[in-house]
Amino acid sequence: MTSPIAVLPPEVADAIAAGEVIERPASVVKELVENALDADARRISIDVRGAGKTSIRVSDDGAGIPAEELALAFVRHATSKVAALPDLDSIASFGFRGEALASMAAVADLEAESSGARVRIRAGQVVEQGAGSIVPGVTIEVRDLFANVPARLKFLKSDATEVAAIKDVVIAYAVLHPHIRFQLSVEGRAAITSPGDGDRRRAVASVYGAGVAQEMIEMLGLPLVAGAVSQPRLSRGSRDGIVLAVNGRPISSRALVYALEECYQGRLERGRHPVAVIDIGIDPGLVDVNVHPAKREVRFREEGTIFAALQRAVRASLSVSEPFRYQAVATHAVALNAVQESASVATAELTYSPPAGPGPLRPPSPEGMLRPLGQAGPGYLVAEGPQGLVLVDQHAAHERVLYNRLLRRLREGRGAAQPLLIPQAVDIEPGLIAAAADHRADLAALGLEYEEFGPRSIRVTSVPLEMPSGRATAAVQETLAALSENRGDGAMEKAAAALACHSAVRFGDVLDPVEQRRLLADLETAEESVTCPHGRPTRLVLEWQELTRHFRRNY
Ligand code: ADP
Ligand code: MG
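Computed from a predicted structure; not experimentally measured.

Conventions we followed
Every chain's residues receive numbers from 1 upward, in the order its sequence appears when written. Each chain is given a letter, starting from A, and each ligand a number, starting from 1, according to the order in which they appear as written. Local features in this predicted model are restricted to residues whose pLDDT is 70 or higher, and side-chain atom pairs enter the listing and the counts only when it is 80 or higher, whereas totals over whole chains, interfaces and linings include all residues. Computation of side-chain values: all heavy atoms of the structure, hydrogens and water removed. Buried residues of nine kinds, namely Ala, Val, Leu, Ile, Met, Phe, Trp, Tyr and Cys, make up a nonpolar core once their side-chain atoms join them within 4.5 Å. Exposure classes here rest on a 1.4 Å probe applied to the protein chains alone. A residue is buried below 20% of its type maximum, exposed above 50%, and partly exposed in between. Numbering of helices and strands starts at the N terminus; helices are DSSP runs of H or I of at least 4 residues and strands are runs of E of at least 2. Any carboxyl oxygen of Asp or Glu within 4 Å of a side-chain nitrogen of Lys or Arg constitutes a salt bridge here. Working definition: residue near molecule or strand if any one of its non-hydrogen atoms lies within 4 Å of it. Within 3.5 Å is the distance limit for a polar contact, defined as a pair of N or O atoms, with the added protein rule that one can donate a hydrogen and the other accept it, and that residues adjacent in sequence qualify only through two side-chain atoms. All accessible-area figures derive from a Shrake-Rupley calculation using a 1.4 Å probe, and residue coverage is judged against the displayed protein chains alone. In this classification, the charged set is Asp, Glu, Lys and Arg, the nonpolar set is Ala, Val, Leu, Ile, Met, Phe, Trp, Tyr, Cys and Pro, and all remaining amino acids, among them Gly, are polar. Strand pairing requires that DSSP identify at least two bridges connecting the strands. Note on definitions: angles span 0 to 180 degrees between N-to-C directions of axes, and those axes are lines fitted to C-alpha atoms, for helices only across the stretch in contact. Should any heavy atoms of two residues lie within 4.5 Å, those residues are counted as being in contact. Without a salt bridge and with relative accessible area above 30%, a residue can belong to a patch; like charges are then joined within 9 Å and nonpolar side chains (Val, Leu, Ile, Met, Phe, Trp, Tyr) within 5 Å. Here, the term disulfide refers to a pair of cysteine sulfur atoms separated by no more than 2.5 Å. Note on ring pairs: Phe, Tyr and Trp rings are taken, using the six-membered ring of Trp, and paired if centres are within 6.5 Å. Classes follow the plane angle, with under 30 degrees stacked, over 60 edge-to-face and the rest tilted. Only lysine NZ and arginine CZ atoms are considered, and such an atom sits over a ring when it is within 6 Å of the ring centre and within 35 degrees of the ring normal.

*Asks:* Describe the nonpolar core, naming the residues involved and giving the relevant values.
*Replies:* Counting 70 residues, the largest nonpolar core has I44, I46, F74 and F182 as the members making the most contacts within it. Top contributing element to this core by residue count: helix α5 (residues 159-176), with 11 residues.

*Asks:* Help me get a handle on the pattern of salt bridges, residues and values and all.
*Replies:* Under the criterion given, the structure shown has 34 salt bridges. Measuring nitrogen to oxygen at the nearest pair gives 2.9 Å for the salt bridge that ties R371 to E384. Of the two residues, R371 is situated in strand β19 (residues 371-376) and E384 in strand β20 (residues 380-384); the sequence distance between them amounts to 13 residues. Residue R371 is classed as partly exposed on the basis of its relative accessible area of 46%. E384 sits in the partly exposed class, given a relative accessible area of 26%. Note that R414 is salt-bridged to E412, the shortest N-O span being 3.5 Å. Here the residues in one salt-bridge network are R57, D109, E111, R118, R120, R122, E128, E141 and R143, joined through shared partners.

*Asks:* Lay out the site of ligand 1 in plain terms, naming residues and giving numbers.
*Replies:* Near ligand 1 there are 20 residues, and of these N35, T79, S80, K81 and G98 occur at the shortest range. Between ligand 1 and R97, the relevant distance is 2.9 Å, taken from an oxygen atom to a main-chain nitrogen or oxygen of the residue. For ligand 1, whose unbound accessible area comes to 530 Å², protein coverage reaches 95%. Taken together, the elements giving at least two residues each to the shell around ligand 1 come down to α2 (25-38), β4 (78-79) and α3 (100-107). Partitioned by chemical class, the residues of the shell around ligand 1 number 10 nonpolar, six polar and four charged.

*Asks:* Please provide a residue-by-residue account of the sheet that holds strand β5 (residues 109-114), values included.
*Replies:* A sheet is described by the order of its strands in space; here eight strands give the open sequence β7-β6-β5-β8-β3-β2-β9-β10, paired in mixed fashion. Only two strands of the sheet have a single partner each, and these edge strands are β7 (125-131) and β10 (189-193). The average angle at which neighbouring strand axes cross in this sheet is 15°, direction not considered. Bridging between strand β2 (residues 43-49) and strand β9 (residues 181-186) involves six bridges; their strand directions are parallel. Opposite I46, over in β9, you have L184 as the bridge partner. Along the sheet, α3 makes contact with β5, β6 (117-122) and β8 (138-143), crossing β5 at roughly 135°.

*Asks:* Residue-level account of the sheet that holds strand β12 (residues 225-230), with values.
*Replies:* Across the sheet, five strands lie side by side as β11-β12-β15-β13-β14; this open sheet has mixed pairing. Looking along the sheet, the strands with just one partner apiece sit at the ends: β11 (216-219) and β14 (249-251). The average undirected angle you get between the axes of adjacent strands in this sheet is 25°. In this sheet, β14 lies alongside strand β13 (residues 242-246) in antiparallel orientation, the contact comprising three bridges. If you follow V246 over to β14, its bridge partner there is R249. The strands touched by helix α8 (residues 254-263) within the sheet are β12, β13, β14 and β15 (276-280), with β13 carrying the most contacts at an inclination of about 120°.

*Asks:* Pulling in residues and values, what's your account of a nonpolar patch on the surface?
*Replies:* Side chains of Y380, L391 and F507 sit close together on the surface and give an oily, nonpolar patch of about 260 Å² of accessible area. Mapped onto the elements, F507 comes out in the loop between α16 (491-503) and α17 (513-525). We classify F507 as partly exposed; its relative accessible area is 37%.

*Asks:* So, the state of the cysteines: which residues are in play, and what are the values?
*Replies:* Within this structure, the stated rule accounts for zero disulfides. Take C501: it sits in no disulfide, and the sulfur closest to it among the cysteines is that of C532, at 8.2 Å.

*Asks:* Can you break down the packing of aromatic side chains residue by residue, with the values?
*Replies:* For the structure shown, the criterion picks out two aromatic pairs. Both rings, one in Y380 and one in F507, keep their centres 5.1 Å apart while their planes meet at 80°; by these two values the pair is edge-to-face. A residue pair is termed long-range when its members are at least 10 positions apart, and Y380 in strand β20 and F507 in the loop between α16 and α17 qualify at 127 residues. Residue classification places Y380 among the partly exposed positions, given a relative accessible area of 36%. The ring of Y450 is capped by R440, whose NZ or CZ atom sits 4.2 Å from the centre of that ring. The residue whose ring lies beneath R459 is F453, and the NZ or CZ to ring-centre distance is 4.4 Å.

*Asks:* Let's hear about helix α6 (residues 200-208): which residues, and what values?
*Replies:* By the criterion of burial, α6 is predominantly enclosed, with eight of the nine residues buried. Buried within α6 are the following residues: R200, R201, A203, V204, A205, S206, V207 and Y208. A distance of 2.8 Å separates the backbone nitrogen of R201 from a side-chain oxygen at the start of α6, and that oxygen is part of D199. Note on α6: the residue one or two positions beyond its end, G209, has a positive phi of about 100°.

*Asks:* How would you summarise the pairing of β9 if you had to cite specific residues and measurements?
*Replies:* A regular strand carries its side chains on alternate faces of the sheet. Of the strand pairs in this sheet, β9 and β10 are connected by four bridges, and their pairing is antiparallel. Across the sheet, L184 pairs through a bridge with I192, a residue of β10. Once β9 ends, the chain turns through two residues before running back antiparallel as β10, passing E187 with a positive phi of about 50°.

Distances and angles like these do not, on their own, reveal function.
Here it is as structure tokens:
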């Protein structure tokens with residue numbers, strides 16, 4: 001920032017979303033990190049003591065503050081980033097309110113050093129001013145946060161929670177800004193160290209561990225959206241691993257999280273969530289960041305376009321999802337490790353080598369790459385492929401194949417129906433009959449046709465080609481229930497999933513070698529074949545490498 005710091009004129013100050021900027025120690029860290037980023041720092045060190053209540057010290061190697069402006073930086077509405085009202089329409093910096101340092105100065109004992117000058121401010125008053133060290137950048141230490149505001153202190157959560165909030169802040173910036181080296185130490189111990197070499201996967205490894213980083217698919221070459229999303233075989237029980245941002249600024253947006261998770265529908269089981277880092281880069285004029293005091297929420301001019309771009313990028317990345325792998329240490333366990341634990345391991349093993357052997361991008365050969373070996377247990381197919389030994393859940397696999405087929409028929413609007421010789425009467429709740437009537441043409445495209453037959457029953461005249469006719473009653477009841485439960489969004493997909501489920505071979509059915517071969521070949525060419533439409537895995541790969549390791553054949 002080359003412009004001098006100046007106090008905002010009142011009309012600009014008044015146009016700024018007012019509110020509490022400093023709510024907890026993590027807000028101090030966030031504001032100081034953002035100031036360092038605005039100053040083009042390449043290295044940002046954060047040192048936290050007493051869960052941030054005793055001291056938070058942040059130093060950077062950015063542009064620094066001129067000695068003669070150092071005290072001015074702590075005056076309310078003093079900023080070098082915004083000067084006039086129109087600037088607020090297109091904010092390209094993290095800061096723009098000139099409020100953060102002033103707010104900290106009001107509730108803490110603060111010491112700042114830059115350009116050979118030093119200033120100490122307590123409860124908003126300059127108490128000391130003098131010479132400081134001449135190193136690049138700025139160092140600010142915030143001590144005894146909220147010591148003069150006991151009410152605020154009382155509202156802080158446990159030390160562990162406050163430290164976790166600080167880590168979340170640093171994690172978000174570290175994965176969003178892989179070209180910047182972040183170092184966080186908590187009570188004198190290194191908690192996060194990102195390499196700052198510009199490699200997103202390594203940045204992810206430094207905060208979530210190498211196991212997670214390995215499972216991230218990078219979104220490359222797509223305008224607007226940058227980042228990485230997890231393979232469906234890696235998931236979490238919470239949304240804590242989702243970092244969304246606009247122009248490098250972490251935001252919280254339920255709508256964008258929804259857009260992201262929608263892309264995982266049919267790939268993750270209910271209650272599981274992806275790990276994701278998504279940065280939407282848009283013209284600052286098309287997004288308003290001046291709507292929330294801590295700038296956590298933003299407003300988009302063209303929300304629909306943003307959602308569509310995000311979903312296109314995520315779906316494109318997920319199209320190369322890889323199957324679940326058997327590992328001596330399961331990927332899930334790595335993902336669930338505490339961040340702290342994995343961070344230290346991760347720095348030791350930062351090397352990432354892409355999985356060897358033919359990736360999922362290679363189109364299967366016409367005769368298929370999976371060679372069936374037989375059926376095992378109650379309902380698993382055993383096969384061998386180029387990557388290793390493959391176990392297939394025959395029901396889940398068949399469900400996926402049929403579901404894709406049904407969706408294609410739905411899109412093309414023409415079904416492959418199997419007329420029933422004797423129409424089957426099915427008892428149905430009146431509400432479901434209404435739901436069915438709304439979707440009659442779509443149901444026909446899926447192969448399901450019926451006549452209404454009194455207020456509480458219908459007569460089914462045809463079912464999808466693949467459905468054993470004996471299962472029609474249960475299938476129809478469940479399909480119509482899915483339709484009425486999911487009015488609008490995704491209702492037909494849910495209906496198709498119900499039909500696929502009832503048409504698929506069962507877990508426990510005996511399949512002859514021809515049927516086994518056909519199912520494996522169909523699975524290989526199916527899109528999204530890693531999971532069934534409900535998000536359960538279709539297959540498990542025991543990689544040759546893993547066998548080699550286990551049987552000590554690697555020397
Ligand atoms: P804002 O970031 O909204 O401008 P702040 O109160 O956070 O307001 O900072 C006030 C001013 O102090 C900034 O506009 C900037 O000029 C200067 N400043 C603060 N921190 C730094 C830093 N780490 N490096 C360089 N300049 C800084
Ligand atoms: Mg700021």
